[in-house]
Amino acid sequence: MFITMEGIEGSGKTTQIANITRYLEVSGYAYMVTREPGGTKIGEKIRRILLDQEHHMLDAMAELLLYTADRAQHVSEKIKPALEEGKIVLCDRFYDSTIAYQGAARGIDADTIKTLNNLVLKDISPDVTFLLDLSPEIGLLRAWSEINTGSRDMGQSRFECEKILFHENVRKGYLALAEAEPQRIKRIDATLSPGAVEDAILTELKRFLRSRPS
Ligand code: TMP
């Protein structure tokens, strides 16, 4: 089973991934936690290029191709083998991020993104996706306070330096996806307390796990 976690900057993905991981661990599931960009050794290098604040001149198509290259490596080296072993794969961001960031916010057309994604996916797609939804005003404030207190890596902030409109468009992209695929994408109100967000996610996850053949 393939679970993905999505959301704008400061939506609390890291905390909730840790919560789901703890649940999978104590429940005895075989699982793998990973992330994009950067789920592999090669992907970590691509991640550094993508998030480096000095790379503000990075061309939008080059950016898309780098995310796609990261995904190609990630799917073939880690995700597909883990799913074939019967593991639950929990991934911090996947292709919905590309549709929201490079598509809805950067303006690259959906067909180009879909074509590139299909080249690297090897028939893999998330079974369930949690979208942690909140306004960019709140999300960016949270992200910046984490940077200031040292709990978030400053190197992650190329996207955090984008204007608020960029993040509003990312959010719109996500919400359009959630509307188009309500069965897969579960929108969670990320303005709730971390405990309430965790409860909402685990309720959905348990329902989903029960409905799957073991
Ligand atoms: P993170 O901060 O959640 O680790 O994600 C790194 C950044 O990469 C985040 O700003 C979103 C961005 N991103 C894209 O723009 N496109 C993608 O396809 C992915 C996976 C991430």
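This one's a predicted model, so the numbers in the text were calculated from it and none came from an experiment.

Undergrad: Looking at this structure, how should I read helix α8 (residues 194-211)?
TA: Each α-helix turn comprises 3.6 residues. Residues three or four places apart therefore point the same way. The end-to-end C-alpha separation of α8 is 26 Å, in line with the 26 Å expected for 18 residues at 1.5 Å each. Burial in α8 covers these residues: Val197, Glu198, Ile201, Leu202, Leu205, Phe208 and Leu209. Seen from one end, α8 has its buried residues packed into an arc of 125 degrees, which puts them on one side. Away from the buried face of α8 by more than 90 degrees, exposed residues Arg210 and Ser211 are located. For α8, the elements touching its buried residues are β1 (2-7), α1 (13-26), β3 (88-92), β4 (128-133) and β5 (185-189).

Undergrad: What is the right way to look at the sheet that holds strand β2 (residues 31-35) in this model?
TA: The strand order across the open sheet built from 5 strands is β2-β3-β1-β4-β5, with neighbouring strands paired in parallel fashion. What marks the edges here is a single partner per strand, and that holds for β2 and β5. Across the sheet, the mean angle separating the axes of adjacent strands is 20 degrees when strand polarity is ignored. The pairing of β2 with β3 spans 5 bridges and is parallel. Bridge pairing in β3 places tyrosine 31 opposite isoleucine 88. Along the sheet face, helix α4 (residues 95-105) touches β1, β4 and β5 and points at about 25 degrees away from the line of β1.

Undergrad: Whenever I open this one, the packing of aromatic side chains confuses me. Can you help?
TA: Note on aromatic pairs: each is described by the distance of the centres and the angle between the planes. Counting across every chain of the model gives 4 aromatic pairs. On the numbers, 4.9 Å between centres and 80 degrees between planes, the contact of phenylalanine 2 with phenylalanine 94 is edge-to-face. Within this pair, whereas phenylalanine 2 is found in strand β1, its partner phenylalanine 94 is found in the loop between β3 and α4, the two being separated by 92 residues in sequence. In this pair, the class of phenylalanine 2 matches that of phenylalanine 94, namely buried. Taken together, the ring pairs in this structure connect Phe2, Phe94 and Tyr95 into an aromatic cluster. The side chain of arginine 71 reaches across the aromatic face of phenylalanine 94, ending 5.2 Å from its centre.

Cut-off values and rules
Residues numbered from 1 in each chain as written. Predicted model: local features only at pLDDT ≥ 70, side-chain atom pairs only at ≥ 80, totals over all residues. Heavy atoms only, no water. Helix = DSSP H or I, 4+ residues; strand = E, 2+ residues; numbered from the N terminus. Expected span 1.5 Å × (residues − 1). Buried < 20%, exposed > 50% of the residue type's maximum accessible area, 1.4 Å probe, protein only. Arc of directions from axis to C-beta. Contact = heavy atoms within 4.5 Å. Pairing = 2+ DSSP bridges. Axes fitted to C-alpha atoms, helices over the stretch in contact; angles between N-to-C directions. Phe/Tyr/Trp six-rings, centres within 6.5 Å; stacked < 30°, edge-to-face > 60°. Lys NZ or Arg CZ within 6 Å of the ring centre and 35° of its normal.

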